[in-house]
Amino acid sequence: MQDDGERLIACIPRLRRYARALLGGRADADDLVQDTIERGWDKLSSWRRGSDMRAWLFGIMHNLHVDSQRRPALATEALDDDLPLAGVDGSAGRLALRDMDRALQQLPPEQRDVLLLVALEELSYDEVAAALDIPLGTVMSRLSRARERLRLIMAGQPLPSPLKVVK
């Protein structure tokens, strides 16, 4: 039987994957994961035994990410992030991943969060609702809109205007 610390450590690879997809940059993602693990470790006593620690940590990560978006950003310079991707064969695969990453970054943050937690991290709708502290219907609505918007972006089609023409 794993103790709580081991469970926390076992969640790191999935936290890193989600943070990388959420933020795009490796350094920013690693910083977010480190902050999440630190906060999770400090608040480990508030985790309910028997519940999914992954969803609890994703909730912490989401809150940290939202908080960081509210703060003014420091001027930074991006490092070269063109390292070969493991498991991707050839330039066509790398281009497809690059295109998908760029398309994901074009989604509104609230839609991207839900899409990544469901599709990448394979959380259930209920787990996503708990992690993001939103109603289940909101999860389903955001996921539907995110999938449609991502499909249009990847197909190179124009996005529908959020404004409706009223005559």
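Relevant structure appears above.
The rules we used
- Residues numbered from 1 in each chain as written.
- Predicted model: local features only at pLDDT ≥ 70, side-chain atom pairs only at ≥ 80, totals over all residues.
- Heavy atoms only, no water.
- Helix = DSSP H or I, 4+ residues; strand = E, 2+ residues; numbered from the N terminus.
- Buried < 20%, exposed > 50% of the residue type's maximum accessible area, 1.4 Å probe, protein only.
- Contact = heavy atoms within 4.5 Å.
- Axes fitted to C-alpha atoms, helices over the stretch in contact; angles between N-to-C directions.
- Parallel < 35°, antiparallel > 145°, perpendicular 65-115°, else oblique.
- Left-handed = near helix turned anticlockwise from the far one by under 90°.

A.B. asks: Talk me through unusual backbone geometry; I want residue IDs and the actual numbers.
C.D. replies: Residues other than glycine seldom take positive phi values, yet Glu122 does so here, at roughly 55°. Within the fold, Glu122 resides in the loop between helix H6 (109-120) and helix H7 (125-132). Looking at Glu122, the relative accessible area reads 61%, which means it is exposed. For Asp133, which is not glycine, the phi torsion reads 55° and is therefore positive. Tracing the backbone through its elements, the reader meets Asp133 in the loop between H7 and helix H8 (136-155).

A.B. asks: Which residues make up the side chain of His62, and what are the values?
C.D. replies: Within the fold, His62 resides in helix H4 (residues 53-70). Setting aside chain neighbours within four positions, we find His62 in contact with Asp113 and Leu132.

A.B. asks: How would you summarise the packing of helix H2 (residues 12-23) against helix H3 (residues 26-42) if you had to cite specific residues and measurements?
C.D. replies: A pair of packed helices is captured by two measures, namely the crossing angle of their axes and the spacing between those axes. Across the interface, H2 lies against H3 with an axial gap of 8 Å and an inter-helix angle of 135°. With respect to each other, H2 and H3 are oriented oblique. As H2 packs across H3, the resulting crossing turns out to be right-handed. Counting all contacts with H2, which are made through Ile12, Leu15, Arg16, Ala19, Arg20, Leu22 and Leu23, the residues of H3 involved are Arg26, Asp28, Ala29, Asp30, Leu32, Val33, Thr36 and Ile37.

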